[in-house]
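Results of the structural survey
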Amino acid sequence: MKLFNISKIILIFIASFIGIIKASFLTQQIEELKKVKEDLDEYNNANCISRNISFNNKSQLDVYFDPETMEQKKPVVINIHGGSWYNNDKMNSVSTGLLLHENDFVAVIPNYVLFPYGQVEDMINDVYTSIKWTFDNIDKFGGDTNNITVVAHSSGAHLLALTLIKAALSRKNGNTTLVPLPDIKRVVLMNGPYEFDEAMLKNINKEENEDNEDNLFKEISLAILGSNDSCPIDILKEYDDNTITTFGVEKFNIVYASGDNVVSETSANSLMAQMKRTCPSTDIQYFYLEGIGHDGIVNGIREKDEEIQTSFLLLIQN
């Protein structure tokens, strides 16, 4: 009888624990829906956005600009969103676009095709053509083509690094050979996965919690990062020391957050090491941000955290 009671108590405890997890997940989903609504309200109410511009006959971008001051030729920031290659779009970066606009930047926020509708080569094509479109057209929105910064987070940082490396080295992307882009003033890579092995996935869900979203991330990581020519570090390892003249970027700011439990710091360190080995003249600054997680910067901007907003603006200006 005592054994039955103990077992019953254990079952009740497990059921309660599962209920807490489900309730926590539901709360997170509700909070995200609230943020999405806030993004949509801000987007619809803003009068500084040229919306849904087609940049390659498949994908669209938004430009945040001030039609009253276009003669000033302001600095430009292209923002490439994250989302594990299968999630998010330019609507998740509304707060970033508005923050940049309020601080006298012209902001370009592109979409790119997501998995499974596109593979990594298709995503790179979208990132590449959105940057090229910006150089070709941003002066019409008051942007300075000599002062373009590209910032990217997480999977977006992975795609941006691949795009820049392939373009600078005139490598094939799918069936197309990329040609070098015009010189970019600054690139900010935040918490990106730049190499792939099983060790990287161990950073996800360290307590072996069988969370569906984490499992989905693992599966998509295997599909994306396990494909040919999909890892920036692996590409650079093909080149001997001192054999690359330039990556076409004046300065790289590579960012890692201390609380990142998705991507290991070795990913950023390995990328920097390979870039400096193959192209010693590359100007790289490393920023280690204390006290925030993998999504800390992008979430902080959406939540209007002034300290995070200030940190982000410093990253794109230094």
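Once a new chain begins, its residue numbering starts again from 1 and follows that chain's sequence as written. For this predicted model, a pLDDT threshold of at least 70 governs which residues receive local features, and a threshold of 80 or more governs which side-chain atom pairs are given and counted, while totals over whole chains, interfaces and linings are taken from all residues. Hydrogens and water are ignored here; the side-chain numbers use all heavy atoms of the structure.

All right, on to the confidence of the model for the protein chain then. In this model, the protein chain carries a mean pLDDT of 88, and residues with pLDDT of at least 70 account for 82%. Within the model, pLDDT remains below 50 along residues 204-210, and this stretch shows nine contacts once partners closer than five positions in the same chain are excluded. pLDDT runs from 0 to 100 and stands for how confident the predictor is about each residue. Here, two residues are considered to be in contact whenever any of their heavy atoms come within 4.5 Å of each other.

A few words on the sheet that holds strand S4 (residues 106-110). Within the open sheet, the eight strands sit side by side as S1-S2-S4-S3-S5-S8-S9-S10. Their pairing is mixed. Strands at the two margins of the open sheet, each flanked by one partner only, are strand S1 (49-54) and strand S10 (284-293). The mean inter-strand angle of the sheet, taken between neighbouring strand axes irrespective of direction, is 20 degrees. Looking at chain direction, strand S2 (residues 60-64) and S4 are connected through four bridges and run antiparallel. Counterpart to Asp62 in the pairing with S4 is Ile109. Between N-to-C directions, angles cover 0 to 180 degrees, with each direction set by a line fitted to C-alpha atoms, over the stretch in contact for helices. For the purposes of this entry, the term helix denotes a DSSP run of H or I that reaches at least four residues, the term strand denotes a run of E that reaches at least two, and both are numbered from the N terminus. Along the sheet, helix H10 (residues 306-315) makes contact with strand S5 (143-153), strand S8 (184-190), strand S9 (249-259) and S10, crossing S8 at roughly 140 degrees. DSSP calls a pair of strands paired once it identifies at least 2 bridges connecting them.

We now examine the nonpolar core. In terms of nonpolar packing, the biggest core is built from 57 residues, with Val63, Ile131, Val150, Leu160, Val187, Leu189 and Phe252 touching the most fellow members. Discounting residues that sit within four places of it in the chain, Leu189 has contacts with Ala152, Ala157, Leu160, Ala161, Tyr194, Phe252, Asn253, Ile254, Val255 and Leu271. Formed by 27 residues, the second largest nonpolar core is a distinct cluster that contains Leu98, Phe105, Ile292 and Ile308. In plain words, nonpolar cores are sets of buried Ala, Val, Leu, Ile, Met, Phe, Trp, Tyr and Cys residues tied together by side-chain atoms within 4.5 Å. Buried residues are those whose accessible area, probed at 1.4 Å on protein chains only, stays under 20% of the maximum for their type, while exposed residues exceed 50% and partly exposed ones sit between those limits.

On to the packing of aromatic side chains. Only centres within 6.5 Å qualify two rings of Phe, Tyr or Trp (six-membered ring in Trp) as a pair; their planes then separate them into stacked at under 30 degrees, edge-to-face at over 60, and tilted for everything else. Throughout the structure, instances matching the rule amount to four aromatic pairs. With centroids separated by 5.1 Å and ring planes inclined at 85 degrees, the aromatic side chains of Phe65 and Phe141 adopt a geometry described as edge-to-face. Taken together, the residues span a long stretch of sequence, with Phe65 in the loop between S2 and strand S3 (74-80) and Phe141 in the loop between helix H3 (120-137) and S5 at a distance of 76 residues. Each of the two residues, Phe65 as well as Phe141, counts as buried. Each residue in the set Phe65, Trp133 and Phe141 is aromatic and connected to the rest through ring pairs, giving one cluster. Two conditions define a charge located above a ring, namely a distance within 6 Å from the ring centre to NZ of Lys or CZ of Arg, and an angle within 35 degrees of the ring normal. Positioned over the ring face of Tyr43 is Arg51, at 4.7 Å from the centre of the ring.

Before going further, it helps to examine the side chain of His294. Along the chain, His294 turns up in the loop between S10 and helix H9 (296-302). In this structure the side chain of His294 is engaged in a polar contact, spanning 2.8 Å, whose partner is the side chain of Ser154. Once residues within four sequence positions are removed from consideration, His294 is found in contact with His153, Ser154, Asn191, Gly259, Asp260, Val262 and Val263. Counted as a polar contact is a pair of N or O atoms within 3.5 Å, where, for protein atoms, one must be capable of donating a hydrogen and the other of accepting one, and residues adjacent in sequence contribute only when both atoms are in side chains.

It is worth spelling out H3 at this point. Given the number of residues in a helix, its expected span is that number minus one, multiplied by 1.5 Å. Across its 18 residues, H3 extends 26 Å between first and last C-alpha, which sits within 8% of the 26 Å expected from 1.5 Å per residue. Counting buried positions along H3 yields 13 of 18 residues, so the element is predominantly enclosed.

What follows is about unusual backbone geometry. Between Phe115 and Pro116 the backbone carries a cis peptide bond, its omega angle lying at 10 degrees. Relative to the helices and strands, Pro116 resides in the loop between S4 and H3. Non-glycine residue Lys73 carries a positive phi angle of around 55 degrees. Among the secondary structure elements, Lys73 is positioned in the loop between S2 and S3. Residue class for Lys73 comes out partly exposed when judged on its relative accessible area of 37%.

To continue, consider the pairing of S8. Along any regular strand the residues' side chains alternate between the sheet's two faces. Across the seven residues of S8, six count as buried, placing the element largely inside the fold. Note that S5 and S8 share five bridges and pair parallel. When the bridges of S8 are listed, His153 appears paired with Met190. Pairing geometry for S8 and S9, over six bridges, is parallel. Within S9, the position partnered with Ile184 by the bridge is Val249.

As a further point, take the pattern of salt bridges. Salt bridges are counted wherever a side-chain nitrogen of Lys or Arg sits within 4 Å of a carboxyl oxygen of Asp or Glu. Enumeration according to the criterion identifies eleven salt bridges in this entry. Asp241 is the salt-bridge partner of Arg277, the closest N and O atoms lying 2.7 Å from each other. Residue Arg277 is located in helix H8 (residues 265-278), and its partner Asp241 is located in the loop between helix H7 (232-236) and S9; the two are separated by 36 residues in the primary sequence. With relative accessibility at 25%, the residue Arg277 sits in the partly exposed group. Put simply, Lys166, Arg171, Asp229 and Glu238 are held in one network by salt bridges that share partners.

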